[in-house]
Structure formats: structure tokens, C-alpha cells
Amino acid sequence: AGHLQGGARNMSKDPKKTAQAAGQVVYCGPTVPGVAVQYTVYTNGTPAALAEAIKEKPILGGLVVPLDKLPEVRRQFHDGAGRYYTLYRKAQENG
């Protein structure tokens, strides 16, 4: 019976949400030529070139968000206000 309960617990998880938690992210910062295009979705974390760009310009890391945050980021960009909008503007200024 204990084994069956464990299986039932696993069945209750939404596979799509689990996949998102496992590393589907979106780069929402300004396009960095040869590195990343705005709104690119990465399924296994960030690629090496983007990770290197984040080391050089850490603010870009704040613009790599879980896929489920994309609507909120887009709303802030449209409204011209909010945390992600502020990060985006600072990233534009610094490069």
C-alpha cells in the first residue's frame, strides 16, 4: 500500500509545471548580437555564451526568467514600470 501511495503522489504533479521548474527559461533582456535574442526560450538552462555575458554584465541575469513569468515581464515592458522593466532599462544603458 505504501508503494501505491507514492505513485499517487507523483501522479498529482502537473508534468508541464515540473518541466518548467526543471529549467525552461526565457531571456527577456535586450538582444546581445551573437549571444542571445530577446524572448528566446531555453529548455536546459542558459547556453555558455549567455552565461559568459551574464558574468560580464550581471544585470542580464535578472532578465532570464522562468517561462511562466513571461506574461508578467511583457506586461511590465508594455506598462513601462516594474522590476523587470527597470532591469531592462539599466541593461540598455550599460551596453
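Rules used throughout
- Residues numbered from 1 in each chain as written.
- Predicted model: local features only at pLDDT ≥ 70, side-chain atom pairs only at ≥ 80, totals over all residues.
- Heavy atoms only, no water.
- Core = buried A, V, L, I, M, F, W, Y, C linked by side-chain atoms within 4.5 Å.
- Buried < 20%, exposed > 50% of the residue type's maximum accessible area, 1.4 Å probe, protein only.
- Helix = DSSP H or I, 4+ residues; strand = E, 2+ residues; numbered from the N terminus.
- Contact = heavy atoms within 4.5 Å.
- Arc of directions from axis to C-beta.
- Phe/Tyr/Trp six-rings, centres within 6.5 Å; stacked < 30°, edge-to-face > 60°.
- Lys NZ or Arg CZ within 6 Å of the ring centre and 35° of its normal.
- Pairing = 2+ DSSP bridges.
- Axes fitted to C-alpha atoms, helices over the stretch in contact; angles between N-to-C directions.

Draft legend 1. Seen up close, the nonpolar core. Grouped together as the largest cluster of nonpolar side chains are 20 residues, with contacts concentrated most on Tyr 27, Cys 28 and Phe 77. Contributing elements (two or more residues each) for this core: strand E1 (25-27), helix H3 (48-56), strand E3 (64-66), helix H4 (70-79) and helix H5 (83-93). Looking at this core element by element, the count peaks at four residues for H5. If near-sequence neighbours (up to four positions away) are discounted, Cys 28 is found in contact with Gln 38, Tyr 39, Leu 63, Val 65, Leu 70, Val 73, Phe 77 and Tyr 88.

Draft legend 2. Molecular detail of H4. Among all positions in H4, only Leu 70, Val 73, Gln 76 and Phe 77 are buried. All buried residues of H4 fall inside an arc of 125° around its axis, so they share one side. Exposed and facing more than 90 degrees away from the buried side of H4 are Pro 71 and His 78. The elements touched by buried residues of H4 are E1, E3 and H5. Where H4 ends, the next residue or the one after it, Gly 80, has phi of about 70°, a positive value.

Draft legend 3. Main features of the packing of aromatic side chains. Counted according to the given criterion, the structure contains two aromatic pairs. Consider the rings of Tyr 39 and Phe 77, whose centres lie 6.5 Å apart with planes at 45°: the pair is tilted. With Tyr 39 in the loop between E1 and strand E2 (40-42) and Phe 77 in helix H4, this pair connects stretches of sequence that are 38 residues apart. Taking relative accessible area as the criterion, Phe 77 reaches 17% and is therefore assigned buried. With a centroid separation of 4.8 Å and an interplanar angle of 45°, the aromatic rings of Phe 77 and Tyr 88 are classed as tilted. Pair noted here: Phe 77 is in helix H4 and Tyr 88 is in helix H5, with a separation of eleven residues, a long-range link. Grouping residues by exposure puts Phe 77 and Tyr 88 together as buried. Three or more aromatic residues link up through ring pairs in this structure, and these residues are Tyr 39, Phe 77 and Tyr 88. Here the guanidinium or amino end of Arg 74 rests over the ring plane of Tyr 39, the centre of that ring lying 4.6 Å away.

Draft legend 4. Structural context of the sheet that holds E1. What the three strands build is an open sheet, ordered E2-E1-E3; its pairing is antiparallel. Every interior strand has two partners, whereas the edge strands, E2 and E3, have only one. Going across the sheet, the axis of each strand differs from the next one's by a mean of 30°, ignoring polarity. Sheet topology places E1 next to E2; three bridges connect them, and they run antiparallel. Bridged to Tyr 27 within E2 is Thr 40.

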